[in-house]
Amino acid sequence: ESFEEGIFTFEVIGLDKVRVIGYAYGESGDLIIPESVTHVDEFGISATYIVTSIGEDLYFMDDSDYRITSIHIPASIVEIQAGALSFVQLESITVDSLNSTFETYGEILYNKSTKSIVRYCSGSATTVYEIPDWIIGLEAHSFRNSINLVEIKNLPDSMKAIEEFTFQGCSSLSKINYDLVKGQNILPDSILYIGNSAFTFCDGLVGISLPVSLVMIDSYAFAYSEGLKTIDIPAGIKYLGTHLFYATHSLESITVSPDNDSYFSQDGVLFGKNGNSNTTTLIHYPSKKTDVKYTMPFNVNGISEGAFSNTVYLKEVVLNDLFVTIPKNSFTRAISLEKVTIPSTTILIDASAFSECFNLTTIIGGESVVVIGSWAFSETNLSSLFFPSGVKTIENNAFYGCMALEHITVPNTDTYLAEGVFQSCFNLKSITFEGTSTKLDTGTLSIGDGDHPVTLTVNYHDGLSIPSDVCYDGYTELDLVEIGKEPYPWENLIGVFVCILIVFGIFRLFKEV
């Protein structure tokens, strides 16, 4: 049960206890969380609750018109969920002196019993912050969006984990636990785990030395960190999450300790070992690796989602015969990619596999593909399409925004074309269906929009089922032409008559001259 009272929204979590889970957008300045709240329900029954918890959804957007600059926490609060307060550029946090669980010390809010930082005042103008010696841990989200911090010193030697989102959005952070002698950012040897998105959007972070104690790095840990150039995976790592280095546009190479039993690198590319099998999985190809062509090693039978995404220089990729699937986002925004060779073993090209490969013009092979996923080739530069004879499904928006497409031929197969397959292919002039087995859905041929109305010639055979709402957007006009249908006799007569008039007119013109 939840209810609104004053500017806050509360959730009942006990007989007489509530958690504050939201506040009215539009508030600015100081935000004072009440110690108790009285609510009259729909039956007129009044009840008073103690506010004991701040929920994870209580965060404050840094809007220029409605900016919360400080927050006061009452004595009754005994729980602050991870993520609470994490989005605002708070300049100060105060806590009632009678609160037995939380306290502030300078720019930090910390838990007295665990001696861990709950929240750093991310709106502080401080550029260098040294963590007090008596702090033994950092909670999830604790430094999130602290955009002014350039350096954080003295990470606790006893901390076991860098929790999820801990430093996300610290865009100026270039030094963390920096060792002046070694000239490196060095994480404490006690750390076993780096959580989801822990260092995402840390654009100032060029490099970081991971401890030998580290066992697990969760998904997106370093994603979108524009400055990261190199990283070394230590021997103890047993698990790497997905999209670890997604959109790390400066990453040039990844190295792995030769003593690691689960992962290895080859020519700067990160691979995972597939147990006792002789096959491997390509996990990440560095975005700024300078090679223009990459041929998949013979024993690689798969790639991770996003493995080649955001590559800068790569122009051609040749996949080997072990590939059955090209996963989601595999090559998304590989901006220089022009040519891909797909083996006859591949049956699935998954969602957004090649989306926003703006220079992709050539697909070789792929004759065994059965499914082409949604957005798979969206916004590529393909001027012609391949439709393998065995393809069964082409999902929505698969070829969205392919501006080089002008003419498409669909072979005589029982292929299902989903909604918006060719949406925003504004230069598409005609589509020819060679058979009657193709299945069209609502909006399959919806292409145009308000700024780009399209007239599409559809060549088809009698027997092809064309739904009445095959284009429902109002911006795509279909010119339906039945293949093999002879014109009516009177149409031929009119044509002959028009030709006679033209010849006669030309004759008269020359005669007058």
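Look up: the structure comes first, before these words.
Every chain's residues receive numbers from 1 upward, in the order its sequence appears when written. The predicted origin of the model limits local features to residues at a pLDDT of at least 70 and limits the giving and counting of side-chain atom pairs to 80 or more, whereas totals for whole chains, interfaces and linings rest on all residues. The basis for the side-chain values is all heavy atoms of the structure; hydrogens and waters are excluded.

Trainee: Describe the overall build of the protein, naming the residues involved and giving the relevant values.
Mentor: Comment: elements are numbered from the N terminus, with helices defined as DSSP H or I runs of at least four residues and strands as E runs of at least two. Within the protein one finds one helix and 42 strands. Projecting the C-alpha coordinates of the protein onto the three principal axes gives extents of approximately 105 × 70 × 50 Å. Buried residues in the protein amount to 49% of all 513 residues. Contacts are assigned to residue pairs that have any heavy atoms within 4.5 Å of one another. Excluding contacts between residues fewer than 6 apart, the proportion of contacts in the protein whose partners are at least 24 apart in sequence is 42%. Here the accessible surface of atoms and residues is derived via Shrake-Rupley with a 1.4 Å probe, and residues count as covered only by protein chains that are part of the display. Surface accessibility of the protein: about 23,400 Å² in total, with carbon and sulfur atoms responsible for 52%. Separation between the mean location of the 27 positive side-chain charges and that of the 63 negative ones in the protein comes to 9 Å. Only protein chains enter the area calculation, which uses a 1.4 Å probe; residues under 20% of their type maximum are buried, those over 50% are exposed, and those in between are partly exposed. Asp and Glu are treated as the negative residues and Lys and Arg as the positive ones, with His and the ends of the chain left uncounted. Every charge is mapped to an atom, namely NZ of Lys, CZ of Arg, CG of Asp or CD of Glu.

Trainee: Which residues make up the sheet that holds strand β26 (residues 269-273), and what values go with them?
Mentor: Here we have four strands laid out as an open sheet, ordered β25-β26-β27-β29, and mixed in their pairing. Edge positions in the open sheet fall to β25 (263-266) and β29 (300-303), since each of these has one partner strand only. Geometrically, the sheet is characterised by an average inter-axis angle of 35° between neighbouring strands, direction not taken into account. In this structure, β26 lies alongside strand β27 (residues 280-284), joined through four bridges in antiparallel fashion. Strand pairing follows a simple DSSP-based rule, namely that at least 2 bridges must link the two strands. All axes are obtained by fitting lines to C-alpha atoms, using only the stretch in contact for helices, and the reported angles, taken between N-to-C directions, cover 0 to 180 degrees.

Trainee: With reference to specific residues and values, describe the pairing of strand β22 (residues 230-233).
Mentor: Burial along β22 is one-sided: the face carrying Ile231 and Ile233 is buried and the face carrying Thr230 and Asp232 is not. Relative to strand β24 (residues 253-256), β22 runs parallel, the two being bridged by four bridges. Its bridge partner being in β24, aspartate 232 is matched across the sheet by threonine 255.

Trainee: Could you give an account of the pattern of salt bridges, naming the residues involved and the relevant values?
Mentor: Side chains that carry opposite charge are capable of pairing whenever their charged atoms lie near each other. By salt bridge we mean one thing: a side-chain nitrogen of Lys or Arg within 4 Å of a carboxyl oxygen of Asp or Glu. Summed over the entire model, instances satisfying the criterion amount to nine salt bridges. With its nearest N and O atoms 3.1 Å apart, the salt bridge here joins glutamate 79 to arginine 19. Of this pair, glutamate 79 sits in strand β8 (residues 79-80) while arginine 19 sits in strand β3 (residues 17-23); the two residues are 60 residues apart in sequence, bridging distant segments of the chain. Here glutamate 356 and arginine 333 are joined by a salt bridge, their closest N and O atoms 3.0 Å apart. One end of the pair, glutamate 356, is in the loop between β33 (348-349) and β34 (362-365); the other, arginine 333, is in the loop between β31 (325-326) and β32 (339-342), with 23 residues separating them in the sequence.

Trainee: So what's going on with the side chain of serine 250? Residues and values would help.
Mentor: By the secondary structure assignment, serine 250 is in the loop between β23 (239-240) and β24. For serine 250, a relative accessible area of 18% gives the class buried. In protein, a polar contact means a hydrogen-donor-capable atom and an acceptor-capable atom, both N or O and within 3.5 Å, with residues adjacent in sequence counting only if both atoms are side-chain atoms; elsewhere, any N or O pair within 3.5 Å suffices. Here the side chain of serine 250 touches glutamate 226 through a polar contact of 2.6 Å, landing on its backbone oxygen. Beyond its immediate chain neighbours, meaning those up to four positions away, serine 250 contacts Glu226, Gly227, Leu228, Lys229 and Lys288.

Trainee: Could you give an account of the environment of serine 368, naming the residues involved and the relevant values?
Mentor: Inspection of the secondary structure assignment puts serine 368 in the loop between β34 and β35 (371-372). Under the relative-accessibility criterion, serine 368 is labelled partly exposed at 27%. Residues serine 368 and valine 324, spaced 44 residues apart in sequence, show a C-alpha to C-alpha distance of 9.6 Å.

Trainee: If you had to explain the sheet that holds β32 to someone new, which residues and values would you point to?
Mentor: Strands sit in the order β28-β30-β32-β34 across an open sheet of four strands; the sheet is parallel. The open sheet has two free edges, formed respectively by β28 (293-295) and β34, since each of these has just one partner strand. Adjacent strand axes in the sheet meet at a mean angle of 10° when their direction is disregarded. Two elements, strand β30 (residues 316-318) and β32, share three bridges in a ladder whose sense is parallel.

Trainee: Describe unusual backbone geometry, naming the residues involved and giving the relevant values.
Mentor: Despite not being glycine, tyrosine 224 shows a phi value in the positive range, around 65°. With respect to the helices, strands and loops of the structure, tyrosine 224 is situated in the loop between β21 (216-217) and β22. The exposure class of tyrosine 224 is partly exposed, given its relative accessible area of 30%. Notably, glutamate 379 is not glycine yet its phi reads approximately 60°, a positive angle. Considering the arrangement of structural elements, one finds glutamate 379 in the loop between β35 and β36 (393-394).

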